[in-house]
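# Topology and contacts: notes
What follows is the residue order along each chain.
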Amino acid sequence: MSAKSASPASQDVRDALDPVGALQRALYRSAKQDGNRRFHALYDKCFRMDVLWRAWVDVQANGGAPGVDGVTLAQVEESGVRPFLEGIAAELRAKTYRPQPLRRVNIPKPGQPGKTRPLSIPTIRDRVVMAAAKSILEPVFEADFLPVSFGFRRKRSAIQALDVVRAEVNRGAVWILDADVSDCFGQISHSALMAQVGRRVVDGSMLKLIRAWLKVGVLEHGSMLATASGTPQGSPVSPLLANVALHVLDEEWSRPGYHLGALIRFADDLVVVCPTRARAEEAQRRVEQVLGTLGLRLHPDKTRITCLARGEGGFDFLGFHHHLVESWKWRGRWYLHRWPSDRAMASVRSTVRELTSPRSTYGDVAYVVDRINRRLRGWANYFRWGNSAKKFANVDAYVHERLMIWMSHKHKLRRRRNWRRFDHKWLRSIGVYQLGQVKLQPYPAHALR
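Read on for a plain summary of the structure. Treat the numbers as computed from the prediction; the structure is a model and nothing was measured.

### Looking at helix α11 (residues 204-215)
Between the first and last C-alpha of α11 there are 16 Å, a value that for twelve residues agrees with the 16 Å anticipated at 1.5 Å per step. Elements that come into contact with the buried residues of α11 comprise α3 (43-46), α7 (124-142), α10 (190-197) and α12 (238-253). Two to three positions downstream of the cap, the backbone nitrogen of S205 sits 3.1 Å from a side-chain oxygen, assigning the N-cap of α11 to D203. Among the residues trailing α11, G217 stands out with phi positive, at a value near 95°.

### Re the pairing of strand β7 (residues 269-274)
Counting buried residues in β7 gives five out of six residues, a clear majority hidden from the surface. With six bridges connecting them, strand β3 (residues 175-180) and β7 associate as antiparallel partners. Bridging from a neighbouring strand, D178 pairs with V271 of β7. Across five bridges, the pairing between strand β6 (residues 262-266) and β7 is antiparallel. Its bridge partner lying in β7, I264 is registered against V271. Between β6 and β7, which pair antiparallel and follow one another directly, the connecting turn spans two residues, one of which, A267, has a positive phi of 55°.

### A look at the sheet that holds β6
With antiparallel pairing, four strands are arranged side by side in an open sheet as β6-β7-β3-β8. On the outer flanks of this sheet lie β6 and β8 (304-307), each paired with one strand and no other. Ignoring which end each strand starts from, the neighbouring axes of this sheet average 20° apart. Sitting on the sheet, helix α8 (residues 158-170) touches β3, β6 and β7, and the angle it makes with β6 is about 160°. Contacting β3, β7 and β8, helix α13 (residues 277-292) runs over the sheet at an angle of about 20° to β3.

### Points about the pattern of salt bridges
For the structure on display, the rule yields 22 salt bridges. One salt bridge connects D18 with R54, and the closest N-O pair in it is separated by 2.5 Å. Within this pair, whereas D18 is found in the loop between α1 (8-17) and α2 (19-33), its partner R54 is found in helix α4 (residues 49-62), the two being separated by 36 residues in sequence. Residue R54 is classed as partly exposed on the basis of its relative accessible area, which comes to 29%. Two residues, E282 and R285, come together in a salt bridge whose shortest N-O distance is 2.7 Å.

Parameters and conventions
- Residues numbered from 1 in each chain as written.
- Predicted model: local features only at pLDDT ≥ 70, side-chain atom pairs only at ≥ 80, totals over all residues.
- Heavy atoms only, no water.
- Helix = DSSP H or I, 4+ residues; strand = E, 2+ residues; numbered from the N terminus.
- Expected span 1.5 Å × (residues − 1).
- Contact = heavy atoms within 4.5 Å.
- Polar contact = N/O pair within 3.5 Å; in protein donor to acceptor, adjacent residues only side chain to side chain.
- Buried < 20%, exposed > 50% of the residue type's maximum accessible area, 1.4 Å probe, protein only.
- Pairing = 2+ DSSP bridges.
- Axes fitted to C-alpha atoms, helices over the stretch in contact; angles between N-to-C directions.
- Salt bridge = Lys/Arg side-chain N within 4 Å of Asp/Glu carboxyl O.

As structure tokens, then:
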């Protein structure tokens, strides 16, 4: 029986089995039915034990490193999850909970050797509280979010965003504003963000909790750094807060009579697909204007306007490179194709190179192949939704070459490349995942929801 045709009795049973889901549905319905409603009682939901248990499951599933207190997920499990959650509930109920500083680490940027980006890691305790608050706040704001937004939302994905881009371009809109928001998570104005949160939430305790996370500070190299702007990137609640802030841009684009072009936004990654250059330039001006109210700006070197007509140019968005390609069957007709971008290719090659480095030759072949296969499967599951056959063949060739060099090092062979000994038959015999055998889906059959 589908959810739409379910009887009230069966819905009651599901709500009894999943009280957190029932709470979220009730909050969503209330927010959806009254677009002006402001919620006064949300904080008390955060210390419900069923909500905290759901938050713990989410935090545990995401894994991650410990915060400034050094407490790991394994240590929490060893000492007991229930006492841990009961302690959090008691602090929240007594309003004595205070978040600890974030631990700052710099992680490599995928496909950009030598470049890093800062990541602020909350403690396990703070991550659980953030996840609990997110589960309460998300349905309230989800009721307002618009179809142009795809990032970090239920039943919406990057592939769906890419499908919208393809549809708009294939209709004839070939001017693209490829916009890059400069350090979005680090520069969002706290006052502007809290103003957007306050449009729906007037629960003073919940607002105080969010402000505490924004102002908590970062511990880096033993020094405490104040956070005057931005959201704690790396925390469970950060993507939701970014979507709440950037919702003002979505609203601007949904105003009646607004015909500059189609906005497609995935968190802070966005493009505007326009029919003319003039409209693309005006779209850039409007985007800059709206972002300015949030304390944000477009990156001057990474934001550009490009024309796709007759395969003249292309752009990268959500890991794919997008380019108009002429139909081999109907000459004169051009269709938008997409395949893994140069950065995505560099990222997967970097991972394979690291897994087959000379220092790993002491390992078992099956172990190394298993690690490579897991990375390749995840990469292929995303990029199979495109015209990726040539890029997949390039990755297969690179994996073959790297494993051949690795085996030569392992067996101390004189030559680094022994094509006859380590041929394609050998490659198949050790069970390497072949991207060339992946079924591509350049035109997804699923409908946008």
